[in-house]
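# Report on the structure
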Amino acid sequence: DTGVSQDPRHKITKRGQNVTFRCDPISEHNRLYWYRQTLGQGPEFLTYFQNEAQLEKSRLLSDRFSAERPKGSFSTLEIQRTEQGDSAMYLCASRRADSVYNEQFFGPGTRLTVL
Amino acid sequence: AQSVTQLDSQVPVFEEAPVELRCNYSSSVSVYLFWYVQYPNQGLQLLLKYLSGSTLVESINGFEAEFNKSQTSFHLRKPSVHISDTAEYFCAVTHSYGGSQGNLIFGKGTKLSVKP
């Protein structure tokens with residue numbers, strides 16, 4: 001296992017379509033985070049899981065955004081009825097909850113373009 | 001609430017010159033501090049971190065950062081930059097208390113451009 005992976009790396013969609021992104025964390029990491037990064041900004045926290053439990057979702061940008069981690073391994077982030085303002089890089093990160101170093105390992109991101 | 005301010009959005013510098021990328025944070029609780037680097041079309045890579053202990057932390061590729069609690073700063077420095085250091089650098093903080101959700105709060109980033 002070489003790190004956090006995300007799929008797809010790029011997604012182009014038309015406004016109004018639904019999209020789903022996948023994140024596979026480092027295998028022994030029980031915490032998984034989703035961030036959004038828009039042009040010229042730093043990553044912005046969206047939500048996180050500890051195992052399969054979603055412990056924070058109030059920062060999701062709207063009710064069009066949802067995330068799951070059904071078996072405590074991979075996670076998906078879905079955006080329904082996409083808007084042009086959803087165009088951004090979506091980053092996933094993972095870590096061990098008991099890590100004293102609090103270090104998060106990031107995937108390469110999924111770049112979404114909404115036309 | 002926590003926040004991070006990176007004072008320079010872009011820093012152009014010539015190769016082999018020294019560089020400092022500035023970061024200030026605001027928090028009412030103890031924090032851990034991080035610098036991440038992002039190369040074009042890639043994810044974030046941890047450059048260095050401050051958790052506790054010595055206020056000067058170093059990375060394996062010559063960067064260093066100093067935690068200054070009184071000035072709430074965590075500036076990143078390198079005495080001599082290379083072309084390959086061209087990237088965007090992000091300063092980030094997170095709560096240090098046990099049981100925190102651990103999400104990172106990022107600054108807006110500083111684009112370092114090293115010219116020959």
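Residues numbered from 1 in each chain as written. Chains lettered and ligands numbered in written order. Predicted model: local features only at pLDDT ≥ 70, side-chain atom pairs only at ≥ 80, totals over all residues. Heavy atoms only, no water.

Secondary structure assignment for chain A yields zero helices and eleven strands. For chain A, the sequential pattern of α-helices and β-strands runs β-β-β-β-β-β-β-β-β-β-β. The globule rule puts the C-alpha radius of gyration for 115 residues at 13 Å, and the 13 Å found for chain A is close to it. When the backbone C-alpha atoms are referred to their principal axes, chain A occupies close to 40 × 25 × 25 Å. At a minimum sequence separation of 6, the contacts of chain A that also span at least 24 residues come to 53%. (Helix = DSSP H or I, 4+ residues; strand = E, 2+ residues; numbered from the N terminus. Rg over C-alpha atoms; globule rule 2.2 N^0.38 Å. Contact = heavy atoms within 4.5 Å.)

Another aspect to go through is the overall build of chain B. Counting its regular elements, chain B contains zero helices and twelve strands. The C-alpha radius of gyration computed for chain B amounts to 14 Å, which stays within 12% of the reference 13 Å derived for 116 residues, consistent with globular compactness. Expressed as lengths along the three principal axes of its C-alpha atoms, the size of chain B is roughly 45 × 30 × 25 Å. Scored against the burial criterion, the 116 residues of chain B give a buried share of 47%. Within chain B, counting contacts between residues at least 6 apart in sequence, those at least 24 apart form 57% of the total. Carbon together with sulfur atoms contributes 49% to the accessible area of chain B, which is approximately 5,600 Å² in total. Of the side chains in chain B, 8 bear a positive and 9 a negative charge, and the two mean positions are spaced by 8 Å. (Buried < 20%, exposed > 50% of the residue type's maximum accessible area, 1.4 Å probe, protein only. Areas by Shrake-Rupley, 256 points an atom, 1.4 Å probe, with all protein chains shown as cover. Lys, Arg positive; Asp, Glu negative; His and termini not counted. Charge placed at Lys NZ, Arg CZ, Asp CG, Glu CD.)

Before going further, it helps to examine the environment of Val 19 of chain B. All names here are of chain B. With respect to the secondary-structure elements, Val 19 resides in strand 3 (residues 19-21). Along the backbone, Val 19 and Arg 77 are 58 residues apart, and their C-alpha atoms lie at a distance of 5.6 Å. Every residue in contact with Val 19, bar those within four places of it in the chain, is listed here: Val 11, Leu 76, Arg 77, Lys 78, Val 81 and Leu 112.

Moving on, we come to the pairing of strand 3 (residues 19-24) of chain A. Residue and element names in this part refer to chain A. Of the two faces of strand 3, the one lined by Val 19, Phe 21 and Cys 23 is fully buried and the one lined by Thr 20, Arg 22 and Asp 24 carries no buried residue. Relative to strand 8 (residues 75-79), strand 3 is paired through five bridges, and the arrangement is antiparallel. From the neighbouring strand, Phe 21 faces strand 8, where its bridge partner is Leu 77. (Pairing = 2+ DSSP bridges.)

As a further point, take the sheet that holds strand 3 of chain A. All names here are of chain A. Sheet architecture is open: four strands sit in the order 1-3-8-7, paired in antiparallel fashion. Here the strands that pair on one side only, and so sit at the sheet edges, are strand 1 (5-7) and strand 7 (65-68). Ignoring strand direction, the axes of neighbouring strands in this sheet form an average angle of 15°. Of the strand pairs in this sheet, strand 7 and strand 8 are connected by four bridges, and their pairing is antiparallel. Paired with Glu 68 across the strands is Thr 76, a residue of strand 8. (Axes fitted to C-alpha atoms, helices over the stretch in contact; angles between N-to-C directions.)

Attention now moves to the environment of Tyr 39 of chain B. Residue placement: Tyr 39 of chain B occurs in the loop between strand 5 (31-38) and strand 6 (44-50). Not counting residues within four places of it along the chain, the set of residues in contact with Tyr 39 of chain B comprises Gln 45, Ser 84, Thr 86 and Ala 87 of chain B.

Taken residue by residue, the interface counts 22 residues in chain A and 22 residues in chain B. For the pair chain A and chain B, the number of links is one salt bridge. Inspection of the chain A/chain B interface yields five residue pairs in polar contact (both at pLDDT 80 or more). Secondary structure elements with two or more residues in the side of chain A that touches chain B: strand 4 (31-37), strand 5 (44-50) and strand 9 (88-95) of chain A. (Salt bridge = Lys/Arg side-chain N within 4 Å of Asp/Glu carboxyl O. Polar contact = N/O pair within 3.5 Å; in protein donor to acceptor, adjacent residues only side chain to side chain.)

Looking at where His 29 of chain A falls in the secondary structure, it is placed in the loop between strand 3 and strand 4. Once residues within four sequence positions are removed from consideration, His 29 of chain A is found in contact with Arg 69, Ser 94, Arg 95, Arg 96 and Phe 105 of chain A.

All right, on to the pairing of strand 8 (residues 64-68) of chain B then. Residues and elements named next belong to chain B. Of the two faces of strand 8, only the one carrying Ala 65 and Phe 67 is buried; Glu 64, Glu 66 and Asn 68 on the other face are not. Linking two consecutive strands that pair antiparallel, namely strand 7 (residues 56-58) and strand 8, is a turn of five residues; a positive phi of about 95° is found at Gly 62 within it. Across five bridges, strand 8 lies against strand 9 (residues 73-78) in antiparallel orientation. Within strand 9, the position partnered with Phe 67 by the bridge is Phe 74. Connecting the antiparallel pair strand 8 and strand 9 is a turn made up of four residues, with Thr 72 showing a positive phi of about 45°.

All quantities given are derived from atomic positions and should not be read as evidence of function.
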